[in-house]
Amino acid sequence: MPLIPLRVLLDHAAENGYGVAALNVNNMEQIQAIMLAAQETDSPVIIQASRGARKYSNDNYLRHLILAAAELNPTIPIVMHLDHGNSLATCQSAIDNGFTSVMMDGSLSEDGKVPSDYAYNAEVTEQVVNAAHAVGVSVEGEIGALGGIEDGHGAGLSEEEAQEHLTDPDQAEKFVADTGVDALAVAIGTSHGAYKFKKKPTGEVLKMDLIEEIHRRLPNTHIVMHGSSSVPQELQDIINQYGGQMAQTYGVPVEEIQRGIRNGVRKVNVDTDNRMAITGAIRKVFSETPEAFDPRKYLGPAREAMKEVCKARMIAFGQAGHAGEIPIKTCSEMIDFYAG
Ligand SMILES: [Zn+2]
């Protein structure tokens, strides 16, 4: 099956009331873990790479690995998405390398660290929309800034500072009208990375009611939740049981994400949970069989552990069972849609 643009998948998700996990990758085992989970649950998938991942892996490796996944899984629709593009040039290079969807994060300046202003964000995002839609590629924008830093993106805001950069619903409405983005990432108090909340989040710090307000005003815009790993206690415990030193932390509870999905959230970014599953599995092998040195002996269990997290999210978000229903359209088949 060919790779498809994000818009095709999220339109189907909106019509059918489910969300889709957007899963970050840098290597073969992570892509295989996602595809095994997709096969076992009959799920369409969003595979995404950040700028850091592209630098680490190289676009050629990423493209061919994802094309291999498509070849080996003819029944699974796959979106290949750029996570947190920082400029028109970055997004254009992703488009040139086969990505079917790009995020232009103009909520931050081009350095990817300092929060920008509205005028800059709207202008650069509109430029990316024009370039991407001309070739049938989808675009995600962001309004408001998230806390934390992961893979060099995120404003590095603390949990408290992130509360000062929440998405303003008026601005969100104007931004969608000004730019024409397909999907909109919003800031509701979550952060990138493992350290999101110091205690189990309440409505005081995780503003799910803000999502409901944005969805009321923009019922046709696909909302994206970033920093939405749940950071499960059992994954923290496995890491620490086998010699890791992760401080106690809390993520976004799956039931809060499900509440978001009932209110217009269609793409849910999950990275940390998979990283933790991989790390815990590798630590366990190293601890229990210190004599082992075949990478397959630890990368295999790591892949299996990530697959289990992916499966759990695919089922919880509701994408499971929908792979065969997506009306397949390639980027070139979406050019007219965007021109119309
Ligand atoms: Zn993000």
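Counting restarts for each chain: residues are numbered from 1 in the order of the written sequence. Local features in this predicted model are restricted to residues of pLDDT 70 or higher, and side-chain atom pairs are both shown and tallied only at a pLDDT of 80 or more, whereas totals for entire chains, interfaces and linings draw on every residue. Side-chain numbers come from the whole structure's heavy atoms, not from hydrogens or water.

K.L.:
Even after reading the chapter, I still don't get the overall build of the protein, so can you show me in this structure?
P.N.:
A helix here means a DSSP run of H or I that spans at least four residues, while a strand means a run of E at least two residues long, and both kinds are numbered starting from the N terminus. A tally of helices and strands in the protein yields 14 helices and 8 strands. Only the C-alpha atoms count toward the radius of gyration. The rule for a globule is 2.2 Å times the residue count to the power 0.38. For the protein, whose C-alpha radius of gyration is 19 Å, the value lies close to the compact-globule estimate of 20 Å for 340 residues. Judged by the C-alpha coordinates and their principal axes, the protein covers about 60 × 45 × 35 Å. By the burial criterion, 57% of the 340 residues in the protein qualify as buried. Note on definitions: a residue-residue contact is assigned when non-hydrogen atoms from the two residues lie within 4.5 Å. Within the protein, residue pairs in contact and separated by at least 24 positions form 76% of the contacts whose partners lie at least 6 positions apart. Calculation of accessible area relied on Shrake-Rupley with a 1.4 Å probe; when residues are assessed, cover is drawn exclusively from the protein chains displayed. Accessible area for the protein stands at about 13700 Å²; split by element, carbon and sulfur atoms hold 52% of it. In this tally, Asp and Glu contribute negative charge and Lys and Arg positive charge; neither His nor the terminal groups of the chain are included. The location of each charge is read from NZ of Lys, CZ of Arg, CG of Asp or CD of Glu. Charge-centre separation for the protein: the mean point of 28 positive side chains lies 4 Å from the mean point of 46 negative side chains. Burial classes follow relative accessibility: with a 1.4 Å probe on protein chains only, a residue under 20% of its type's maximum area counts as buried, one over 50% as exposed, and anything between as partly exposed.

K.L.:
It is not clear to me how the pattern of salt bridges should be interpreted in this structure. Could you clarify?
P.N.:
Oppositely charged side chains can form a pair if their charged atoms are brought close together. Here, a salt bridge means any side-chain nitrogen of Lys or Arg that lies within 4 Å of a carboxyl oxygen of Asp or Glu. All chains considered together, the criterion is met by 19 salt bridges. Salt-bridge contacts for Lys307 lead to Glu40; the nearest nitrogen and oxygen are separated by 2.9 Å. Within this pair, whereas Lys307 is found in helix 13 (residues 295-317), its partner Glu40 is found in helix 2 (residues 28-41), the two being separated by 267 residues in sequence. Here Glu40 falls in the partly exposed class, since its relative accessible area comes to 43%. The closest approach of N and O atoms between Glu213 and Arg216, which form a salt bridge, is 2.8 Å. Of the two residues, Glu213 and Arg216 both sit in helix 9 (residues 208-217), 3 residues apart, roughly one turn of that helix. According to the relative accessible area criterion, Glu213 is partly exposed, its value standing at 22%.

K.L.:
How should I be thinking about the coordination of the zinc ion in this particular structure?
P.N.:
Coordination angles at a metal have ideal targets, namely 109.5 degrees for four tetrahedral donors and 90 or 180 degrees for six octahedral donors. The zinc ion binds to the protein through His84 (NE2), His192 (NE2) and His226 (ND1); the donor distances cover 2.0 to 2.1 Å. Summarised as a motif, the one-chain spacing of the donors to the zinc ion is H-x107-H-x33-H. Of this pair, His84 sits in strand 3 (residues 78-85) while His226 is found in the loop between strand 7 (222-225) and helix 10 (233-241), placing the two residues 142 residues apart along the sequence. Counted as donors are the N, O and S atoms within 2.8 Å of the metal, or 3.2 Å for Na, K and Ca, while water is not among the atoms, so some sites may look incomplete.

K.L.:
Would you explain helix 4 (residues 59-72) in this entry?
P.N.:
Helical geometry: 3.6 residues make up each α-helical turn, so side chains three or four residues apart lie on a common side. For a helix, the expected span equals 1.5 Å multiplied by the number of residues minus one. Helix length check: helix 4, at 14 residues, gives a terminal C-alpha distance of 20 Å against a target of 20 Å (1.5 Å per residue), a fit within 8%. Those residues of helix 4 that sit buried are Asp59, Leu62, Ile66, Ala69 and Ala70. Buried residues along helix 4 cover an arc of 100 degrees about the axis, so they all sit on one side. Opposite the buried face of helix 4, by more than 90 degrees, sit the exposed residues Tyr61, His64, Glu71 and Leu72. Against the buried residues of helix 4 lie helix 2, strand 2 (45-50), helix 3 (51-57), strand 3 and helix 5 (88-96). Note: the arc covers the axis-to-C-beta directions of the helix.

K.L.:
Explanation requested: the nonpolar core in the structure shown.
P.N.:
In summary, soluble globular proteins display a tendency toward joint burial of nonpolar side chains. Core analysis: the largest hydrophobic core is formed by 72 residues, its most contacted members being Ile34, Met35, Val45, Ile47, Ile78 and Val102. Each residue touching Met35, except ones within four places of it in the same chain, is listed here: Val45, Ile47, Ala69, Asn73, Ile76 and Ile78. In these notes, a set of buried Ala, Val, Leu, Ile, Met, Phe, Trp, Tyr and Cys residues joined through side-chain atoms within 4.5 Å is what counts as a nonpolar core. Of all hydrophobic cores here, the second largest spans 18 residues; its members include Ile4, Met103, Ile326 and Met334.

K.L.:
I tried to follow unusual backbone geometry on my own but got confused; where do I start?
P.N.:
Glycine aside, a negative phi is what most residues show, and trans is what most peptide bonds show. The residue Asp42 is not glycine, and still its phi comes out positive at about 55 degrees. The residue His84 is not glycine, and still its phi comes out positive at about 55 degrees.

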